[in-house]
Amino acid sequence: MFSIKVKNLEYVLFMITAMVIPLYFTDFRLKTGGVIIRLSDILALFSISIFLLLLLKNKVAIKYPAGFNYICIFVIYCFFNALAQVGLTKAITATVQWMLILFTLVVVYTNAVKNPVKFKAFFIKTLLVICFVTLLYHLMHGHLTRYKLLGDAKYAFALTGVILVSCAYYFDDKSYLKPLIFLYPVILLSLERKGILAFHMVAFFYIFISLKPLLKFVMLALCSLTLLLLALFYDLSFLNTFTFFEYSELEMLYLDEEQALWISNLHRQSLLTNGWDIFTTHITFGVGPKMLPEYMDDYYINQELGLYTHNVFLDTLIEQGIVGLFLLILPYFVYVMHGAGLKKQKDRVVFFALCLYSIFMLLFMSGGAPSMVIFYLPIFKGFIVNKASD
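What you see is a predicted model; the values in this text were computed from it and never measured. (Residues numbered from 1 in each chain as written. Predicted model: local features only at pLDDT ≥ 70, side-chain atom pairs only at ≥ 80, totals over all residues. Heavy atoms only, no water.)

Participant: Sorry, what's going on with the pattern of salt bridges here?
Facilitator: Two side chains with opposite charge may pair up if their charged atoms get near one another. A full pass over the atoms with the stated rule returns 4 salt bridges. Across the salt bridge formed by Lys194 and Glu192, the nearest N and O atoms sit 2.6 Å from each other. Grouping residues by exposure puts Lys194 and Glu192 together as buried. Among the salt bridges present, the one from Lys381 reaches Asp347, with a minimum N-O distance of 3.2 Å. You can see Lys381 sitting in the segment after α16 (369-375) and its partner Asp347 sitting in helix α15 (residues 345-362), a full 34 residues away along the chain. (Salt bridge = Lys/Arg side-chain N within 4 Å of Asp/Glu carboxyl O. Buried < 20%, exposed > 50% of the residue type's maximum accessible area, 1.4 Å probe, protein only. Helix = DSSP H or I, 4+ residues; strand = E, 2+ residues; numbered from the N terminus.)

Participant: For this particular structure, what's the right way to read helix α6 (residues 156-170)?
Facilitator: Residue pairs spaced three or four apart in an α-helix point in one direction, given the helix's 3.6 residues per turn. Over its 15 residues, α6 runs 21 Å from end to end, which matches the ideal 21 Å to within 8%, given 1.5 Å per residue. With 15 of 15 residues buried, α6 is to be regarded as a mostly interior element. One or two positions beyond α6, positive phi appears at Asp172, with a value near 50°. (Expected span 1.5 Å × (residues − 1).)

Participant: Is there a simple way to think about the confidence of the model for the chain in this case?
Facilitator: The predicted coordinates should not be examined in detail at positions where pLDDT is low. Taken as a whole, the chain shows an average pLDDT of 89; of its residues, 93% reach a score of 70 or greater. Within the chain, strand β1 (residues 29-32) has the poorest average pLDDT of any element, 67, and α6 the best, 96. (pLDDT = per-residue confidence, 0-100.)

Participant: Would you take a moment to explain helix α3 (residues 71-86) for this structure?
Facilitator: The end-to-end C-alpha distance of α3 is 22 Å, a good match for the 22 Å that 16 residues give at a rise of 1.5 Å each. Restricting attention to buried positions, one finds in α3 the residues Ile71, Phe74, Val75, Tyr77, Cys78, Asn81, Ala82 and Val86. Looking straight down α3, one finds that the buried residues subtend no more than 165° of arc, so they occupy a single side. Those residues of α3 that are exposed and aimed more than 90 degrees away from the buried face are Phe80 and Ala84. Directly beyond the C-terminal end of α3, a positive phi value near 100° is found at Gly87. (Arc of directions from axis to C-beta.)

Participant: What is the right way to look at unusual backbone geometry in this model?
Facilitator: Peptide bonds are trans in most cases, and residues, glycine excluded, mostly fall at negative phi. Here the phi dihedral of Asn58 falls at roughly 60°; this positive angle occurs in a residue that is not glycine. As for its placement among the helices and strands, Asn58 is situated in the loop between α2 (39-56) and α3. In this structure Asn58 comes out as exposed when scored by relative accessible area, which is 69%. Phi is positive for Lys290, close to 65°, though the residue is something other than glycine. When you line up the elements, Lys290 lands in the loop between α12 (264-281) and α13 (292-296). Taking the relative accessible area as the measure of exposure, Lys290 reaches 39% and is therefore partly exposed.

See the structure below:
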């Protein structure tokens, strides 16, 4: 009787874990007492509970990518850093939130490598359903383009595209590209700029890697020749004053807050400028978890403008300091040095492609569970290119 129950629990756990990561890229959430509770968080807690129960019965074994166990150092640091700077309540809240998403990744990975083919199929189908529902919602509300009304769901389109092209390359199976016939126009129509650019970066990278050596040489030669001709015959003096920012330092110093409420680029640049200023005064340990908005409010008369910087790396540096960011990326160093999941060329290529996607997206995203999923997607590539040896 117990064996039947265990099998049922294992099946339920498998189904939930295959769905929970994609569901982080939806807008199913509830605000209670200032805390946002996602459907994915509820499913994550449920899956962790089942996993721990099966673990106590010795029915499952914890599996994770090489080096990810070092994230425990960050969790300990996060608690004591928060305890010293912002008090016990926020320390517990921040630590629990980090533990929830990080342990969820481990639980999902354990099931992914246990049954790779079935997990990958269900994982991708869940993402495609989320893309379809998000598109349908916007079309029903009269939005033929710019699919951004459902929060983090706007990231699902490009993420799904990246996963499909990664699987197509890794398994050398063009059938993974079939959904892109319908998904690619949606990615473009979503007008999610960072997602569109990140998807094309990854797609062109795979195309380049797949070319024959002679074609690669010709492409590199043409690019080098183009750069040489530009350097010789084109006036490049504009590079002396080139900047990635649209507005001047003077406009940031004397910010027109009325315009910043309506002009996204102006507001975001001011957040980056002010965020960098906060970081440079709290370099080592940061200002503490959840404290960025309070420090940011000091830079604005209108408190509605004091938000996170829309750059996960800068947000992390501000709240956790250089020490915190280093501990967050420490698993990457161990993973690369260990090399267990990078022995084959295709593993290395997919890892690098996902790193391109992750870094580019995180430069323009706010912090939260979806950004942490993207943050660790490269070393958790076993979700999609499943190898038990990872």
